[in-house]
Amino acid sequence: MARVVLKNVWKRFPDKPGKPKEAVKNINLSCEDKEFIVLVGPSGCGKSTTLRLIAGLEEATEGEIFIEDKMVNDVPPKDRDIAMVFQNYALYPHMNVYENMAFGLKMKKLPREEIKQRVLEAADILGITEILDKKPRVLSGGQRQRVALGRAIVRKPKVFLFDEPLSNLDAKLRVQMRAEISKLHTRLQATMIYVTHDQIEAMTMGDRIVVMKDGLIQQIADPITLYDQPSNKFVASFIGSPSMNFMDGTLVKKKDAVYFSEENFTVKVHDDHAAALEEYASRDLTMGIRPEDIFDKVYASNASPDNTITATVEVVEPMGAEALLYLTTGKSPFIARVASYEQLEVNQDIDLVFDMSKAHFFDKATEQTII
């Protein structure tokens, strides 16, 4: 089984004397056989360093790394039976596509016929048979990426490692290549670990997603759980486009109901959430709500005075079938995603309905999720 396990892994780089920079902090992660795991987070969060530790391109300062139940901390990269696909493709410019794909197999001294068979099979899978005799300089970005994938496939490794492989491609080609890599995973039934800063890539490709920040794992979950049940404010803000809206305020109890009160508006907390928030009564906290959970009152099915606020439109961004509204109540700016047939203008006031059953609440001090 091509299972990858990291136990209490740290990576420190020299920085100031006596103060090494901690790029990866106490990482514990298990990638199961045939699983597609995505490491995602902002630049400098430690995701690429984690991948390089698995590949053996960096040495762990502490902790243990296992591939197929064998500890590989002291095993050189060439002997770990992994294949890595880089952001810059790393193709040999003086070799044609066939030679680039065959190079690693030649270094292993495999028979010529086996090399040819593997290269042709990979080329057929990736649809690059017709360019096997071309040099990298005449290829498009998408073709170069396929060649880099092909070079990895022919090795038939236990684990595929991808380090932001699509970041150099244009938007349309990125979408296409996302689908190609996902199909490749299904076809090869291989273990894949993929690094990206793009949360859309992560959500659309990963069986599970590892969200990282400042060298630490913030949450590991499948895409839907990550979206619906973020463990803290950072995960909630990072996953989803546009980002979740956040509003600071106070919980107020009125009669038998609990309300979230911000400086310029008050909304009723959903009954299912009220009990869990009792201990936060009269305390500051942060409410989060996604743009797609805010509706124009005219079209909302659950409008009531308890979950309706008035806001001013500051910017309208038409997106085709829908539009993004950048709004303010005077204090809290936020975004709503609405149907584009609504004719809205800048500086116009609009009544909006919050779907409070979808609201999230965070401890203001720790930023951990309450609900």
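Residues numbered from 1 in each chain as written. Predicted model: local features only at pLDDT ≥ 70, side-chain atom pairs only at ≥ 80, totals over all residues. Heavy atoms only, no water.

1. As for the overall build of the protein chain
When helices and strands are tallied, the protein chain shows nine helices and 20 strands. Each principal axis of the C-alpha atoms in the protein chain carries an extent, and together these give about 80 × 50 × 40 Å. The proportion of buried residues among the 371 residues of the protein chain is 47%. Once local pairs closer than 6 in sequence are excluded, the contacts in the protein chain between residues at least 24 apart make up 67%. As presented, the protein chain carries roughly 18100 Å² of accessible surface, and 48% of it is formed by carbon and sulfur atoms. (Helix = DSSP H or I, 4+ residues; strand = E, 2+ residues; numbered from the N terminus. Buried < 20%, exposed > 50% of the residue type's maximum accessible area, 1.4 Å probe, protein only. Contact = heavy atoms within 4.5 Å. Areas by Shrake-Rupley, 256 points an atom, 1.4 Å probe, with all protein chains shown as cover.)

2. Some thoughts on helix 5 (residues 171-188)
Compared with the 26 Å implied by 1.5 Å per residue over 18 residues, the 26 Å span of helix 5 between its first and last C-alpha is a close match. All of the buried residues in helix 5 are Leu-173, Met-177, Arg-178, Ile-181, Leu-184 and His-185. Projected down its long axis, helix 5 shows its buried positions confined to an angular sector of 145 degrees, all on one face. When the buried face of helix 5 is taken as reference, the exposed residues oriented beyond 90 degrees from it are Lys-172, Lys-183, Thr-186 and Arg-187. Looking at the buried residues of helix 5, the elements they touch are strand 3 (36-40), helix 3 (112-126), helix 4 (141-153), strand 7 (159-163), strand 8 (191-196) and helix 6 (199-205). (Expected span 1.5 Å × (residues − 1). Arc of directions from axis to C-beta.)

3. Some words on the environment of Ser-243
By the element assignment, Ser-243 lies in the loop between helix 8 (233-238) and strand 11 (245-254). Given the relative accessible area of 29%, Ser-243 is considered partly exposed. Look past the residues within four positions of Ser-243 in its chain and what remains in contact with it is Ser-237 and Pro-291. One polar contact links the side chain of Ser-243 to the main-chain carbonyl oxygen of Ser-237, over a distance of 2.9 Å. (Polar contact = N/O pair within 3.5 Å; in protein donor to acceptor, adjacent residues only side chain to side chain.)

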